[in-house]
Amino acid sequence: MSRQRATPRELDVTINALNAEGLGVADLDGKPLHVRNGLPGETVTARILKRRKGVRYADAVDVVHPNVGRRGPACAYFPRCGGCNMHHMDYARQLQHKQQQLQDALALHEVRPVSWAPPRSAVRLGYRRKARLGVRLVGDQVLVGFRESFSNRVAKLSHCVVLTPALSALISPLKQLLSQFSIAGQIPQIELAQGDVQIAMLVRHLAPFTAQDMTLWRQFARQHDVEVLLQSGGYDTLVG
């Protein structure tokens, strides 16, 4: 007999604060409930998704009383994709929150600056130059993207508006490439890093690549002007 999955519990809660990761924090029966897509002062309908180490996590599936700083997300994959947590927040408030996290971290070491310079940023989107992307084979389809929030599943992405345009443009070609490999199901993650001159790609693999696989990697590296590094174990196993 198959077991039916229980329907997630939903209830209205008030968001009291944001944690360091940008998740809303509410009180539920005297214990914290971390709510994705929730902002301080909001009343939201929270769908409880999981419990981990005694902490409960939920999605705000409906916002009853929105915060004045709430904005429509710039990314179509938010909030399911776990790459970002604050797309729903006004950018000025995002910067304030990040500065507060730095201030709190310094205070733990009794460092209290006399004054703070205004937060500085170049662009809201397209700035991220490093990323660790998960890879998963689902049927005959390869997914490449950030892990979903509160999950080890890989988000189904075709691009990322927070990555630099050059890194974002590699996601779809990577999916097509990995589907051709003999060990497509043995590649758990790929790290991307963009420097001033070149893009590096570190590929974690759990089984050896064949000669044909290596030919595909060389073709990909030439076509997209990237340096491909393969890692079969610890960092001492890196080969280019």
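Residues numbered from 1 in each chain as written. Predicted model: local features only at pLDDT ≥ 70, side-chain atom pairs only at ≥ 80, totals over all residues. Heavy atoms only, no water.

### Quick look at unusual backbone geometry
For step 1, the next point in the chain: Residue Pro79 is bonded to the preceding Phe78 through a cis peptide linkage, with omega at 5 degrees.
For step 2, the next point in the chain: Assignment of secondary structure puts Pro79 in the loop between strand 5 (55-65) and helix 1 (91-107).
For step 3, the next point in the chain: Positive phi, close to 60 degrees, is recorded for Glu110, a residue that is not glycine.
For step 4, the next point in the chain: As for its position among the elements, Glu110 is in the loop between helix 1 and strand 6 (130-138).
For step 5, the next point in the chain: We classify Glu110 as exposed; its relative accessible area is 66%.
For step 6, the next point in the chain: Even without glycine at this site, Phe150 takes up a positive phi of about 60 degrees.
For step 7, the next point in the chain: Accessibility expressed as a relative area gives 16% for Phe150, which makes it buried. (Helix = DSSP H or I, 4+ residues; strand = E, 2+ residues; numbered from the N terminus. Buried < 20%, exposed > 50% of the residue type's maximum accessible area, 1.4 Å probe, protein only.)

### Examining the sheet that holds strand 4 (residues 43-52)
For step 1, the next point in the chain: Taken in spatial order, the five strands close into a barrel running 1-2-3-5-4, and their pairing is mixed. The sheet shows a mean angle of 50 degrees between the axes of neighbouring strands, taken without regard to direction. (Pairing = 2+ DSSP bridges. Axes fitted to C-alpha atoms, helices over the stretch in contact; angles between N-to-C directions.)

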